[in-house]
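Summary of structural features
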Amino acid sequence: VIFKNTNVQAPLNDALWSIWNPGDERISNVTFADYDSFGTGVKDASRPDFVTILTRSEATAYNISSTVGSDWQTWVDMSYL
């Protein structure tokens, strides 16, 4: 899960940023990251220590093509972008 340049107006559900199964975390193969998110929903939000706050250069590696594939324009509804 990566929030990048995201305007978050509704308060984030704490479950998003929590260990879902205490005692069996398995977070080593999961990415939780944030870069430059803004809005009332994240203004005072706290994040656990396993969340990565990306630098600008790290954030550039994450885009639609690198996340879902270079053919994304053939199946993504562009009206949502």
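Position labels on residues start from 1 in each chain and follow its written sequence. Owing to the predicted nature of the model, reporting of local features is limited to residues with pLDDT of at least 70; listing and counting of side-chain atom pairs is limited to 80 or more, with chain, interface and lining totals taken over all residues. Side-chain metrics in this entry use all non-hydrogen atoms of the structure; hydrogen atoms and water are not considered.

1. Examining a nonpolar patch on the surface
Patches in this entry comprise residues that are over 30% relatively accessible and not in a salt bridge; like charges within 9 Å are linked, as are nonpolar side chains (Val, Leu, Ile, Met, Phe, Trp, Tyr) within 5 Å. What sets the accessible areas is the Shrake-Rupley method with a 1.4 Å probe; for residues, cover comes only from the shown protein chains. Salt bridges are defined by distance alone: a side-chain nitrogen of Lys or Arg within 4 Å of a carboxyl oxygen of Asp or Glu. On the surface, a cluster of nonpolar side chains totalling about 500 Å² of accessible area is made up of Ile64, Val68, Trp75, Met78 and Leu81. Judged by relative accessible area, which is 61%, Leu81 ranks as exposed. With a 1.4 Å probe rolled over the protein chains alone, any residue whose accessible area is under 20% of its type maximum counts as buried; one over 50% counts as exposed, and the rest are partly exposed.

2. Regarding the sheet that holds strand β2 (residues 33–35)
What makes two strands pair is DSSP finding at least two bridges between them. Helix numbers and strand numbers start at the N terminus; a helix is a DSSP run of H or I with at least 4 residues, a strand a run of E with at least 2. The parallel open sheet is built from three strands, whose spatial order is β1-β2-β3. Where the open sheet ends on each side, the last strands, each with one partner, are β1 (2–4) and β3 (52–53).

3. Re the side chain of Ser37
Along the chain, Ser37 falls in the loop between β2 and β3. The definition of a polar contact used here is a pair of N or O atoms within 3.5 Å, where within protein one atom must be able to donate a hydrogen and the other to accept one, and adjacent residues in sequence count solely through side-chain atom pairs. At 2.4 Å, the side chain of Ser37 forms a polar contact with the side chain of Asp34. Beyond its immediate chain neighbours, meaning those up to four positions away, Ser37 contacts Phe3, Lys4, Thr6 and Val42. Residues count as neighbours in contact if any of their non-hydrogen atoms are within 4.5 Å of one another.

4. Regarding the packing of aromatic side chains
Centre distance within 6.5 Å is the pairing criterion for rings of Phe, Tyr and Trp, where only the six-membered ring of Trp is used; planes under 30 degrees apart are then read as stacked, over 60 as edge-to-face, and the remainder as tilted. As enumerated under the stated definition, the model contains one aromatic pair in all. Note on Phe32 and Phe50: the rings are 5.4 Å apart at their centroids and 70 degrees apart in plane angle, and the pair reads as edge-to-face. Of this pair, Phe32 sits in the loop between β1 and β2 while Phe50 sits in the loop between β2 and β3, and the two are 18 residues apart along the sequence. On the basis of relative accessible area, Phe32 is assigned to the buried category, the value being 5%.

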